[in-house]
Amino acid sequence: MAKPAVRKPKKKVCLFCHDKISYVDYKDTALLRKFISDRGKIRARRVTGNCTQHQRDVATAIKNAREMALLPYTSTAR
Amino acid sequence: MRRYEMMVILDPSLDERTVQPSLDQFLAVVRNDGGSVEKVDVWGRRRLSYDIEKKSEGIYAVVDLTAEPATVKELDRQLNLNEGILRTKVIRPELH
């Protein structure tokens, strides 16, 4: 019997820890766009690979940016 | 005294050249109360991600300032009373 292929996902490192960015700026929409889906939803930590603290910072930054209409709350692409 | 960062979205029907002087008028409150304005950065016209007050564009401006908490509260109140201002946001960058 064929053994189910065991996939070993590559461990992702938190982008912010790696680049030593301590403050996630809500004005930097180009960066924050990496952490939202094309529907405008915030990507989960298991997708982004961020550490707990930075995922939290990113989420708050995105929410601040949404309030100032820099990022969409929802986008009905498709 | 605390450092603040304030983002303002202004009505797109305003002239971009008049933005700086009219913001300065509002910021007089800060200077009179002993605070200081470090930087006024007018981003200019920008598309909004969603409509605010039926408008799809806005003029963005970011102001860095140092002031007492009460002064900033008053500044925010005055800005929100003005018709030409769609939205404001005050943030303390060092908290994050």
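These figures come from a predicted structure and were not determined experimentally. (Residues numbered from 1 in each chain as written. Chains lettered and ligands numbered in written order. Predicted model: local features only at pLDDT ≥ 70, side-chain atom pairs only at ≥ 80, totals over all residues. Heavy atoms only, no water.)

Observations concerning the confidence of the model for chain B
Phase 1 of the analysis: Residue-level pLDDT values for chain B average 87, and 98% of them are 70 or greater.
Phase 2 of the analysis: For this predicted complex, the interface score ipTM comes out at 0.80, while the overall pTM is 0.81. (pLDDT = per-residue confidence, 0-100.)

Let's talk about the pairing of strand 3 (residues 55-67) of chain B
Residue and element names in this part refer to chain B.
Phase 1 of the analysis: With 10 of 13 residues buried, strand 3 is to be regarded as a mostly interior element.
Phase 2 of the analysis: Where strand 1 (residues 2-10) meets strand 3, nine bridges bridge the pair, whose relative direction is antiparallel. Looking at strand 3, one finds that Arg3 is bridged to Thr66.
Phase 3 of the analysis: By the bridge criterion, 11 bridges tie strand 2 (residues 36-52) to strand 3 in an arrangement that is antiparallel. Bridged to Lys39 within strand 3 is Asp64.
Phase 4 of the analysis: Where strand 2 folds back on strand 3, the antiparallel hairpin that results is connected by two residues, among which Glu53 adopts a positive phi of roughly 50°. (Buried < 20%, exposed > 50% of the residue type's maximum accessible area, 1.4 Å probe, protein only. Helix = DSSP H or I, 4+ residues; strand = E, 2+ residues; numbered from the N terminus. Pairing = 2+ DSSP bridges.)

Things to note about the nonpolar core
Phase 1 of the analysis: Counting residues in hydrophobic clusters, the biggest one holds 25 residues, and the most contacted among them are Tyr26 and Leu32 of chain A.
Phase 2 of the analysis: Of all the elements, helix 4 (residues 52-67) of chain A adds the most residues to this core, at four residues.
Phase 3 of the analysis: Once residues within four sequence positions are removed from consideration, Leu32 of chain A is found in contact with Val24, Asp25, Tyr26, Val58, Ala61, Ile62, Ala65 and Leu71 of chain A.
Phase 4 of the analysis: Met6, Val19, Leu27 and Leu79 of chain B belong to the second largest nonpolar core, which has 19 residues in total. (Core = buried A, V, L, I, M, F, W, Y, C linked by side-chain atoms within 4.5 Å. Contact = heavy atoms within 4.5 Å.)

As for the pattern of salt bridges
Phase 1 of the analysis: Per the counting criterion, the structure on display carries nine salt bridges over all chains.
Phase 2 of the analysis: Its salt-bridge partner being Lys27 of chain A, residue Glu5 of chain B comes within 2.8 Å of it at the nearest N-O pair. Here Lys27 of chain A lies in the loop between helix 1 (15-19) and helix 2 (29-32) and Glu5 of chain B lies in strand 1, a pairing that spans two chains. Both residues of the pair, Glu5 of chain B and Lys27 of chain A, count as buried.
Phase 3 of the analysis: Three or more residues are tied together by salt bridges with common partners; here these are Asp25 and Lys27 of chain A together with Glu5 of chain B. (Salt bridge = Lys/Arg side-chain N within 4 Å of Asp/Glu carboxyl O.)

Remarks on the environment of Asn50 of chain A
Residue and element names in this part refer to chain A.
Phase 1 of the analysis: When you line up the elements, Asn50 lands in the loop between helix 3 (45-48) and helix 4.
Phase 2 of the analysis: Considered as a pair, Asn50 and Phe35 are 15 residues apart in the sequence and their alpha carbons are 9.8 Å apart.
Phase 3 of the analysis: Once residues lying within four places of it in the same chain are set aside, the contact partners of Asn50 are Cys14, Leu15, Phe16, Phe35, Arg45, Gln55 and Val58.
Phase 4 of the analysis: Side-chain polar atoms of Asn50 contact the side chain of Gln55, separated by 3.5 Å. (Polar contact = N/O pair within 3.5 Å; in protein donor to acceptor, adjacent residues only side chain to side chain.)

Brief notes about unusual backbone geometry
All names here are of chain B.
Phase 1 of the analysis: Even without being glycine, Glu53 reaches a positive phi, approximately 50°.
Phase 2 of the analysis: Within the element layout of this structure, Glu53 appears in the loop between strand 2 and strand 3.
Phase 3 of the analysis: With a phi close to 65°, Lys54 is a non-glycine residue in the positive phi region.
Phase 4 of the analysis: Tracing the sequence through the fold places Lys54 in the loop between strand 2 and strand 3.

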